[in-house]
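Secondary and tertiary structure notes
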2 protein chains.
Amino acid sequence: MGRLSALFDPQSVAVVGATDREGAVGRAILENLRDEFDGEVVPINPTREAVLGLECYTDVSSAPAVDLAVVVVPPDAVIETLRDAGEAGTENVVVITAGFSETGGEGATRERELRAVADEYDLNVVGPNSLGIMSTPNGMNATFGPENALEGSISFMSQSGAFITAVLDWANEQEIGFQDVVSLGNKAVLDETDFVREWGDDPDTDVIIGYLEGIDDGDEFIDAAREVTDDTPIVLVKSGRTDAGAQAASSHTGAIAGSERAYEAGLEQAGVIRANSVQELFDYARALSGLPEPEHDGVAVVTNAGGPGVLTTDAVGDSRLEMATFTDETIAALTETMPEEANVYNPIDAIGDADVERFGEALDTALGDPNVGSAVVVSAPTAVLKYDKLAETVIEKREDHDTPVVTCLMGGERARAAEEVLREFGIPNYFDPARAVSGLDALARFREIRERTVDDPEHFDVDRERAREILARAARRDDNRLGVESMELLEAYGIPTPDGEIVDDPERAREVAESIEGDVVMKIVSPDISHKSDIGGVKVGVADDDVYDAYEDLVARARNYQPDAAVLGVQVQELVDLDTATETIVGVNRDPQFGPLLLFGLGGIFVEILEDTSVRVAPIGADEAREMVDEIRAAPLLRGARGREPADVEGVVETIQRLSQLVTDFPAILELDVNPLVAGPDGVQAIDLRLTVDAETLETDDTEKA
Amino acid sequence: MGRLSALFDPQSVAVVGATDREGAVGRAILENLRDEFDGEVVPINPTREAVLGLECYTDVSSAPAVDLAVVVVPPDAVIETLRDAGEAGTENVVVITAGFSETGGEGATRERELRAVADEYDLNVVGPNSLGIMSTPNGMNATFGPENALEGSISFMSQSGAFITAVLDWANEQEIGFQDVVSLGNKAVLDETDFVREWGDDPDTDVIIGYLEGIDDGDEFIDAAREVTDDTPIVLVKSGRTDAGAQAASSHTGAIAGSERAYEAGLEQAGVIRANSVQELFDYARALSGLPEPEHDGVAVVTNAGGPGVLTTDAVGDSRLEMATFTDETIAALTETMPEEANVYNPIDAIGDADVERFGEALDTALGDPNVGSAVVVSAPTAVLKYDKLAETVIEKREDHDTPVVTCLMGGERARAAEEVLREFGIPNYFDPARAVSGLDALARFREIRERTVDDPEHFDVDRERAREILARAARRDDNRLGVESMELLEAYGIPTPDGEIVDDPERAREVAESIEGDVVMKIVSPDISHKSDIGGVKVGVADDDVYDAYEDLVARARNYQPDAAVLGVQVQELVDLDTATETIVGVNRDPQFGPLLLFGLGGIFVEILEDTSVRVAPIGADEAREMVDEIRAAPLLRGARGREPADVEGVVETIQRLSQLVTDFPAILELDVNPLVAGPDGVQAIDLRLTVDAETLETDDTEKA
């Protein structure tokens, strides 16, 4: 058990601000605890001697030992209460009181104080602005919500208290149980990462689910979740996915939204299964909490109804699963036992007059097939089929074969009793075939997550000092936008660039051109001129003899275009053959929650018009870099489609990793674009570069590393 | 009322094959009719005098007048029964009996006979292999299913009887009512198109829904559905969407699947709202059957809970709807009436202590805003909020403003009573915010469908006779694959092609080249050589002086490559400038259900690797052709992105229409590809052509038109 175990399993809980005033939150919490909690309940209120018949104390210090204090005092008394608890040796506090950072101004100041006190006394603080917490094994309902949770193996955190209230009311009706429930509130101290870690260590939690509007520290969350999802699935609704939603979330919690693209990549890298709605959240959770892992993706469908069977097959086609191909033995066995009109291929249609026995035989045979990793039982109500008996048979066959089975016993009231029996044995029943398959799909997704290997970022041997100098030079120059004049930065990190040099007189330009084989490319170098081509600032294929004049012309054009532009010189560069090569782009920008975000795509229209890009949170290793290349739709172009010679994809993969290392080493790099990174059959070359550096961060960074 | 009205509203129904044997289908149907039907019920069975206490007749002819005969006799007695009914003047027959085309062989023959008898007597036949039909206003349950439907305004057809049984059991629990229900069975006579027409004319049907595994005549269905959806929404689950599903559907109904791409295009063109699951089908139907049309896409969200409000906003972001921007007046009014902590921007968060009155005020204000076209009321259960009272308030405000409102009163049992009240007034309640928004989205989609104008296909003045000759020539040649030698076909239909000619001697080649300005392109013309470039059979940019030698070389290469290839000559063609132009592709193939399917995309990687194409069922008019161009992802390239000169998009649009006319005029054209159709700033040109002709169809076609 982690360090938070006492939060969920205290021997005694104090309610600071307990009262017997009707309708008061301090009363609701005390009542909830008094009614069900297995341990000691201690009201704290300096103005009362007893509350609801329980002896009341002035403060935590004067009360008997308190493992958890639930605080419902007015906002300006919270800090003092925390000190009191800290002094008394109480380690766990839930702050229900609102009026902190969510109100801005004074509230935000108060929340900083709260964090300081928590630090000082090493307190585990949930909230402030929390509905409270629950843990079902000891009957602890330390919330002011109207509903207690049923016991189960799902642990549930939510950044919205109302979401918990709404879900519990519904879950109780559906008999879905929980282990621990936490209303995260403002997350001043404990946040999603802490609970992911805690529940990952909790043997009684089979699935972690959550509703989040933001993740505080993306990097830390990815690390924690990756570890936890080796054993325990995490399913999250992260709202604010759309622009409108992000705006609504930001006005709800006051959090900086961060980009959806970063969340998408970060949660995927973390191994989180993402749900887009409340329904999906529980459809997935129900399957993940009660069923074993499927051994592979083959699904058998057993039904008494053709139409629903086809619908289920469509749903399998939409998912990551596939319809199992039965072995000859299975076909033979089914042919023998099923009536002539039945379909013995997958989906098995045991036809309309199938009774429980025939259903059971078909399921038994299907589950015995080595190509079947999971099964869906789909039925329409008929006169000869008793749903409750069918449920028992499904449970029996599922356990015999230790294979995940979900059901879709279609119908209304007559399905309810069967549903209840199935639920007890961990088998979720869904009304809709598509939802039943989505439950199995979540199991398959979790198997993928468990089986994937995420290699650690490789540490390339680079010249970090030289890179730092180049960045520092830019910082000193009071110019945070760097361009092609900083190509050395890439060289320092081992990324191939074309031969060439930036020169500041025409004679030197000719010398450099002569040292390069073939014609050259010449570009004006000026941080003030961003669209060089537009002013004729780029000359492609210049012969050595023409280099002198070309130099003069380029400089003249720049002066003419913008007399006050700082001209750093002219770049004379090897001409890269683009006929057999493909232009790609590797970009980086920084997300407030997840840090550096790598982006890959093919150049030109592919990124700008088709928006065909892939994204990862840095740092990444070779596997993830390779995924970035392969998941763009145009990837076949790099891999050698349509008779082209394949490009050096491994060169691209290594460049992405080296850039990942660069931006991880230097948080001062706010944005960076290598555009194009040309990938030919024999290697890659970074042709142009733009980046933005934050001078201040660079200094801090320098200090830190020194 | 259409010609099928008597099917659903008969005065008397005979059950042919009625019996009192327990468990027999002939008893189940009779019982269902006897229990609820308002009219006369007549058992027919030559071996009994009475069945279930009702007087029994030998055959339909000897019984009193029968408006509808439900037939459950053995398969080999069905034809005779139909004759009997026909002779007796009965116009409507439902054949429950199975053992027809679904069993193949003898059954298929029997179904052809059935169709012939139906033709002879002009019978409306449902089935065979049908569960039966229902109509709630007169209490007619002429099915052998265990459940009767509740009365409502949804009419429902299904190609799967089990699907009906499953849905009714559930719908009764949910109190969802129906007008008519039809189990289509094998659709030997009446099919989906007939019922769409019938219900389109039925003032009591507000929504038509269906489960289909195939559509028999796509063209006819599109015509009927387009007309009906001017007033009545159609929502369909068409299963067999995926490859696996299509295979399952084909083994279930024995129907040829047709391509999903054709269904997707055809149903869209028909104005059908497509649901991908049972849940979606009813989520959409519930909204469409009870609510008025929204005037525009602005949605207001009113909630007492931040988190669920954000989730709802995300769902709006995912849909075709948008969050309404409130007017200053609305903001001012809300600011005045809501507490300080409330959010008065959209989503309106009336916060956790909102009672029904505050909710009502917020909703009233929102619905009064001219930017609000519809609203979602989202709530979490709280101590101060009574859901049943909230329901009443929502009903009242909705009616006051005549604006569609859906609700998402989250929770379990406490939401049920409210749900019931809401349902009575046509307001669907959904547990999940995403589903609530999908209901409104269906309303918005239907508005789009009603508002769209689909222009009739233009009839271009073409040389149809010349086209017929070219095709006939190919047919005579015993070679159904045509290539560039048939470019005249395009010319006959007014599609621009480059200047040029197919010649069969080098001297003539030079003459043609000299008559063309600039260099020329030369290609070997042979139906036996499909990849001309691979054997060096194409020469681009040949100067006039080199044409003679080029001719000799091309022919030599062809002979060398394939000595027995038929060489029709060499094409000498104007060189089209590709620098400022974009290569596009227009293709046609024939779908068994929908007929000619037009495909559009950009050439090369765009079609082959990115699969960026659009599809329509021909014939189409200018609007739909323009949609085809604009809906591909790469459309901006044609429209002039990234500083390119825009291509002649209207030229492309016209070419698509002319090809639509060509393939509609000649069903004998099985496949056709214009690749590339080059689109430049000043016009389009078809550079190359391949097509496949079915000689047999051409003859039939010729005969027909003659």
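Here the residue index of a chain counts from 1 through its sequence in written order. Each chain gets a letter, beginning with A, and each ligand a number, beginning with 1, in the order they are written. Given that the model is predicted, a residue must reach a pLDDT of at least 70 before its local features are reported, and side-chain atom pairs must reach 80 or more before they are shown or counted; all residues, however, enter totals for whole chains, interfaces and linings. To get the side-chain values, all heavy atoms of the structure are used, and hydrogens and water are removed first.

A few words on the overall build of chain A. Summing up its helical and strand segments, chain A has 25 helices and 30 strands in all. With the C-alpha coordinates aligned to their principal axes, the bounding extent of chain A is approximately 95 × 80 × 40 Å. Remark: exposure states derive from per-residue accessible area (1.4 Å probe, protein chains only) relative to the maximum for the residue type, with buried under 20%, exposed over 50%, and partly exposed in between. A total of 706 residues make up chain A; the buried ones form 59% of that total. The contact criterion used is simple: two residues touch if any of their non-hydrogen atoms lie within 4.5 Å. In chain A, of all internal contacts separated by at least 6 residues, the share reaching a separation of at least 24 is 71%. We get accessible surface area from the Shrake-Rupley algorithm with a probe of 1.4 Å; when it comes to residues, only the shown protein chains can shield them. As displayed, chain A offers around 27,400 Å² of accessible surface, 42% of which is attributable to carbon and sulfur atoms. Positive: Lys, Arg. Negative: Asp, Glu. His and the chain ends are not part of the count. By convention, the point assigned to a charge is CZ for Arg, NZ for Lys, CD for Glu and CG for Asp. Computed over 55 positive and 143 negative side-chain charges, the separation of the two mean positions in chain A equals 4 Å. The way it works is that DSSP assigns letters per residue, a run of H or I at least four long becomes a helix, a run of E at least two long becomes a strand, and they are numbered from the N terminus.

Residues and elements named next belong to chain A. As summarised here, the arrangement of the 7 strands in space is β9-β8-β11-β10-β12-β13-β14, forming an open sheet in which the pairing is mixed. On the outer flanks of this sheet lie β9 (140-143) and β14 (273-274), each paired with one strand and no other. Strand pairing follows a simple DSSP-based rule, namely that at least 2 bridges must link the two strands. Bridging between strand β12 (residues 207-212) and strand β13 (residues 234-238) involves 5 bridges; their strand directions are parallel. Bridge pairing in β13 places I208 opposite I234.

What follows covers the sheet that holds strand β24 (residues 569-574) of chain A. All names here are of chain A. In spatial order, the strands read β21-β24-β22-β23; together these 4 strands make up an open sheet with antiparallel pairing. For this open sheet the edge positions go to β21 (500-503) and β23 (538-542), each flanked by a neighbour on one side alone. Neighbouring strand axes in the sheet, compared pairwise and without regard to direction, differ in orientation by 20° on average. With 4 bridges connecting them, β21 and β24 associate as antiparallel partners. Bridging across to β24, E501 finds its partner in V572. The strands touched by helix α19 (residues 506-515) within the sheet are β21, β22 (520-525) and β24, with β21 carrying the most contacts at an inclination of about 180°. Throughout, an axis means a line fitted to C-alpha atoms (over the contacting stretch in the case of helices), and angles, computed between N-to-C directions, take values from 0 to 180 degrees. Contacts between helix α20 (residues 547-561) and the sheet are confined to β21, β22, β23 and β24, with β22 contributing the most and set at about 30° to the helix.

This paragraph deals with empty space enclosed by the protein. Points on a 1 Å grid, built from protein atoms alone, make a cavity when a 1.4 Å probe fits but cannot get out and make a pocket when they are open with protein on both sides within 12 Å along at least 5 of 7 lines; residues with an atom within 4 Å of a point are the lining residues. Grid points are joined across faces, edges and corners, and a volume is the space filled by probe spheres set on the points. Following the criterion strictly, the structure yields 3 cavities of 30 Å³ or more and no others. When its volume is computed, the second largest cavity comes out at roughly 40 Å³. In terms of lining residues, the second largest cavity is bounded by L311, D314, A315, D432, P433 and A434 of chain A together with R241, N276, S277 and V278 of chain B. Elements with a contribution of two residues or more to the lining of the second largest cavity: α11 (306-318) and α16 (433-451) of chain A. The greatest single-element share of the lining of the second largest cavity, amounting to 3 residues, is contributed by α11 of chain A. Amino acid classes used here: Ala, Val, Leu, Ile, Met, Phe, Trp, Tyr, Cys and Pro are nonpolar; Asp, Glu, Lys and Arg are charged; the rest, including Gly, are polar. Of the residues belonging to the lining of the second largest cavity, the class tally is 5 nonpolar, 2 polar and 3 charged.

Turning next to the packing of helix α7 (residues 218-228) of chain A against helix α9 (residues 260-270) of chain A. Residue and element names in this part refer to chain A. In contact at an axis separation of 8 Å, α7 and α9 are set at 30° when each is read in the N-to-C sense. Along its contact with α7, which presents F221, I222, A225 and R226, the element α9 presents G266, L267, Q269 and A270. Considering only residue class, the contact of α7 with α9 consists of 5 nonpolar, 2 polar and 1 charged.

Copy-to-copy alignment: least squares on C-alpha atoms, limited to residues at pLDDT 70 or above in both. Superposing chain B onto chain A takes a rotation of 180° combined with a translation of 0.0 Å along the rotation axis, leaving an RMSD of 0.1 Å. Look at the turn and shift together and you get a two-fold axis relating the two. Looking at the rotation axis and the C-alpha trace of chain B, the residue lying nearest is L610 of chain B, at 4.9 Å. When the interface residues of chain B are mapped onto chain A, 100% of them again fall at the interface, so both copies present the same face.

In this section: the environment of I620 of chain A. Residue and element names in this part refer to chain A. Structurally, I620 is set in the loop between β27 (613-617) and α22 (622-631). Judged by its relative accessible area of 2%, I620 is buried. In this structure, the C-alpha to C-alpha distance between I620 and R481, residues 139 residues apart in sequence, is 25 Å. What I620 contacts, discounting residues up to four positions off in sequence, is Q269, P457, L598, A625, M628, I656, Q657 and S660.

This paragraph deals with the packing of helix α12 (residues 328-337) of chain A against helix α13 (residues 356-367) of chain A. All names here are of chain A. Interhelical geometry of α12 versus α13 gives an angle of 170° and a closest axis separation of 10 Å. On the basis of the axis angle, α12 is roughly antiparallel to α13. Contacts between α12 and α13 involve T330, A333, L334 and T337 on the former and, on the latter, E361, A362 and T365. Just so you know how the angles are binned, under 35 degrees is roughly parallel, over 145 roughly antiparallel, 65 to 115 roughly perpendicular, and the rest oblique.

Let us look at the domain arrangement of chain A. Residue and element names in this part refer to chain A. Once the domains are mapped, chain A shows domain 1 (5-287), domain 2 (292-451), domain 3 (499-575) and domain 4 (582-705). Each side of the interface is counted separately: domain 3 has 5 residues, and domain 4 has 4 residues. Summed over both partners, the accessible surface that disappears when two parts come together, traced with a 1.4 Å probe, is what is meant by buried area. Regarding the contact of domain 3 and domain 4, the summed buried area is about 330 Å², with carbon and sulfur atoms giving 22% of it. Looking only at domain 3, the three residues that lose the most surface to domain 4 are K523, S530 and Q573, adding up to 63% of its buried area. When a carboxyl oxygen of Asp or Glu lies within 4 Å of a side-chain nitrogen of Lys or Arg, that pair is called a salt bridge. The tally of links between domain 3 and domain 4 comes to 1 salt bridge. Between D688 and K523 there is a salt bridge, with the nearest N and O atoms lying 4.0 Å from each other. Distance and chemistry together define a polar contact, namely a pair of N or O atoms within 3.5 Å, with one atom able to donate a hydrogen and the other to accept it when in protein, and with adjacent residues in sequence counting only for side-chain atoms on both sides. Connecting domain 3 to domain 4 are 0 residue pairs in polar contact (both at pLDDT 80 or more). A per-class count over the side of domain 3 that touches domain 4 returns no nonpolar, 2 polar and 3 charged. These domain boundaries are the output of an automatic or database domain assignment.

We now examine the side chain of D665 of chain B. By the secondary structure assignment, D665 of chain B is in helix α24 (residues 649-665). Within polar-contact distance, the side chain of D665 of chain B engages the side chain of Y493 of chain B at 2.6 Å.

All names here are of chain B. In this sheet, strand β28 (residues 669-680) lies alongside strand β25 (residues 582-591) in antiparallel orientation, the contact comprising 7 bridges. Residue pairing for β28: V586 is matched across the bridge by V674. Here β28 pairs with strand β29 (residues 683-686) via 4 bridges, running antiparallel. Within β29, the position partnered with A679 by the bridge is V684. Hairpin connection between β28 and β29: a loop of 2 residues separates the two successive antiparallel strands.

Between rings of Phe, Tyr and Trp, where Trp is taken as its six-membered ring, a pair exists when centres lie within 6.5 Å; planes separated by under 30 degrees are stacked, by over 60 edge-to-face, and by other angles tilted. Taken as a whole and judged by the stated rule, the model has 24 aromatic pairs over all chains. Ring geometry for F178 of chain A against F282 of chain A: centres 6.2 Å apart, planes inclined by 85°, an arrangement best described as edge-to-face. A residue pair is termed long-range when its members are at least 10 positions apart, and F178 of chain A in strand β11 (residues 177-183) and F282 of chain A in helix α10 (residues 278-290) qualify at 104 residues. An identical accessibility class is assigned to F178 of chain A and F282 of chain A; each is buried. Consider the rings of F8 of chain B and W199 of chain B, whose centres lie 5.9 Å apart with planes at 35°: the pair is tilted. Of this pair, F8 of chain B sits in helix α1 (residues 5-8) while W199 of chain B sits in helix α6 (residues 192-200), and the two are 191 residues apart along the sequence.

With that out of the way, let us pick up the UniProt feature "domain: ATP-grasp" (unreviewed entry) in chain A. UniProt positions are given in the numbering used here, feature names are shortened, and annotations may be inferred rather than shown by experiment. Under the feature "domain: ATP-grasp" (unreviewed entry), the UniProt entry names residues 487-523 of chain A. Strand forms 22% of residues 487-523 of chain A and helix 43%; the C-alpha atoms that close the span are 13 Å apart.

Here the focus is the side chain of D314 of chain B. Tracing the sequence through the fold places D314 of chain B in helix α11 (residues 306-318). Comment: no salt bridge for buried D314 of chain B; closest opposite-charge side chain is R241 of chain A, at 4.2 Å. In this view, D314 of chain B contacts S239, G240, R241, T242 and G245 of chain A; residues no more than four positions away in its chain are not counted.

Ranked by internal contacts, the top residues of the largest apolar core, which has 181 residues, are F178 and I209 of chain A together with F178 and I209 of chain B. Once residues lying within four places of it in the same chain are set aside, the contact partners of I209 of chain A are I154, S155, F156, M157, F178, V235, L236, L281, F282 and A285 of chain A. What is meant by a nonpolar core is a set of buried Ala, Val, Leu, Ile, Met, Phe, Trp, Tyr and Cys residues, joined one to another through side-chain atoms within 4.5 Å. Counting 116 residues, the second-largest nonpolar core is a separate cluster that includes V462, A622 and L638 of chain A together with L659 of chain B.

Right, let's talk about the interface of chain B and chain A for a bit. Tallying the contact residues gives 66 residues for chain B and 66 residues for chain A. Carbon and sulfur atoms supply 64% of the area buried between chain B and chain A, which totals about 5,100 Å² over both sides. Among the residues chain B hides against chain A, the three largest losses belong to D314, I609 and R642 of chain B. Together they make up 11% of the total. Between the two partners, chain B and chain A, sit 8 salt bridges. Here chain B and chain A share 27 residue pairs in polar contact (both at pLDDT 80 or more) between them. Contributions of two or more residues to the side of chain B that touches chain A are made by α5 (161-174), α8 (243-253), α10 (278-290), α11, α15 (413-424), α16 (433-451), α21 (605-608) and α23 (635-639) of chain B.

Residues and elements named next belong to chain B. Look at the link from N346 to P347: it is a cis peptide, with omega at 0°. A cis amide bond, omega 0°, links A618 with the succeeding residue P619. Examined against the element boundaries, P619 turns out to sit in the loop between β27 (613-617) and α22 (622-631). Positive phi outside glycine occurs at K187, with the angle close to 55°. On the secondary structure map, K187 appears in the loop between β11 (177-183) and α6. The phi dihedral of D402 falls on the positive side, at around 50°, and the residue is not glycine.

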